[in-house]
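Remarks on the overall topology
Listed here are the chains, written in short residue letters.
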Amino acid sequence: MLKGRHLLDPMDFTTSEIDEILELGGEISKNPEKFSKACQGKILATLFYEPSTRTRFSFEAAMLRLGGQVIGFSEPNSSSVAKGESIADTIRTIACYADIAVMRHPKEGAPRVAAMYSSIPVINAGDGGHQHPTQTLTDLLTIKSLKGTLSNLTIGLCGDLKFGRTVHSLIKAMSRYENNKFILISPKELKVPDYIKREVLEKNNIEFLEVERMEDVIGKLDILYMTRVQRERFFNEEEYLRLKDSYILDKAKLKGAKEDMIILHPLPRVNEIAVEVDEDKRAKYFEQAKYGMFVRMALIMKLLGVEVC
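Attention in this report is confined to the structure presented alongside it. The shown structure was predicted, so the numbers you read here are calculated from the model rather than taken from an experiment.

**Thoughts on the sheet that holds strand S3 (residues 100–105)**
Taken in spatial order, the four strands of this open sheet run S2-S1-S3-S4, and their pairing is parallel. Of all the strands in the sheet, the pair left with one neighbour each is strand S2 (69–73) and strand S4 (122–127). Going across the sheet, the axis of each strand differs from the next one's by a mean of 15 degrees, ignoring polarity. Here four bridges tie S3 to S4, and the two strands are oriented parallel to one another. Counterpart to Val102 in the pairing with S4 is Ile123. Sheet contacts for helix H4 (residues 110–117): S3 and S4; angle to S4, the most-contacted strand, approximately 165 degrees.

**Things to note about the sheet that holds strand S5 (residues 154–158)**
Read from one edge of the open sheet, five strands run S7-S6-S5-S8-S9, paired in parallel fashion. Pairing within the sheet leaves two strands with one partner each, and these edge strands are strand S7 (208–211) and strand S9 (262–264). Each strand axis lies, on average, 15 degrees off the axis of its neighbour in the sheet, ignoring direction. Sheet analysis places strand S8 (residues 223–226) next to S9, joined by three bridges and oriented parallel. Across the sheet, the residue bridging to Leu224 is Ile263, located in S9. Contacting S8 and S9, helix H5 (residues 133–147) runs over the sheet at an angle of about 165 degrees to S9.

**Comments concerning the pairing of strand S1 (residues 43–48)**
Counting buried positions along S1 gives five out of six residues, so the element sits mostly inside the fold. The pairing of S1 with S2 spans five bridges and is classified as parallel. Directly across from Thr46, in S2, lies its bridge partner Gly72. For the segment spanning S1, helix H2 (residues 54–65) and S2, crossover handedness is right-handed.

Conventions used here
Residues numbered from 1 in each chain as written. Predicted model: local features only at pLDDT ≥ 70, side-chain atom pairs only at ≥ 80, totals over all residues. Heavy atoms only, no water. Pairing = 2+ DSSP bridges. Helix = DSSP H or I, 4+ residues; strand = E, 2+ residues; numbered from the N terminus. Axes fitted to C-alpha atoms, helices over the stretch in contact; angles between N-to-C directions. Contact = heavy atoms within 4.5 Å. Buried < 20%, exposed > 50% of the residue type's maximum accessible area, 1.4 Å probe, protein only. Right-handed = clockwise from strand over helix to strand, strands pointing away.

Don't take any of this as a statement about function, it's just geometry.
Next up, the structure:
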């Protein structure tokens, strides 16, 4: 059903198509060996125009664990982009060598431009402050695997809700499942953009609450999704320094939380989760990173139309 498609925005796929990917991702997580030759003879191109550790490595690991191969660049100065080559020309060239491409770019909409000129599937691995759909798939697989459902949950999103593309994508995705509620925890300067509240939450009559103090609401949460305050999204260093330590999750704050709450974070962490929290059974952010590899394995298989009997 998904063969040959692009993934540019979390809303590109229907919930049933997403559930199909999550189901396969869950299968892979339980028995990765079964899928070790699924993409033999296939090549993934990684086009990373800005730095990334987890996303790039997890895509590369995903393809290698499927038995495929990887080509690409991890920063544009090591490619013909440094000579001024356009995205359209880059993707048309790459499509001569690879079967599928994944792109991260600092400019919003760049992967969409690539998809317009590409004869192979293009996956958006993050474009500016815009979308990060495979992080959303990672979050969904993690939640489904650990909570057993994607419905009837109270989700707390904490930190940089203004520039955080993972936050925007997760709100959109979880809004499509029944009876979810959102608690948005941030300083005034980093609140969720009005268009997300208007076009996603209010439009769909989804319950949400905006607060500034984590301690006031932590006891209500099934999921606490922490984010870092992103230095690279600020134009003003002074404002970044003022806001960067707005929220730090530590053991003391966790005393008021449910025993079965899970703590997620798209990573990298700076200091918004104290290292002492890593030992808490509710801390699931490193597990989340592993689910990211499994869901990307599932996505690659679906877009290439390969199956394992």
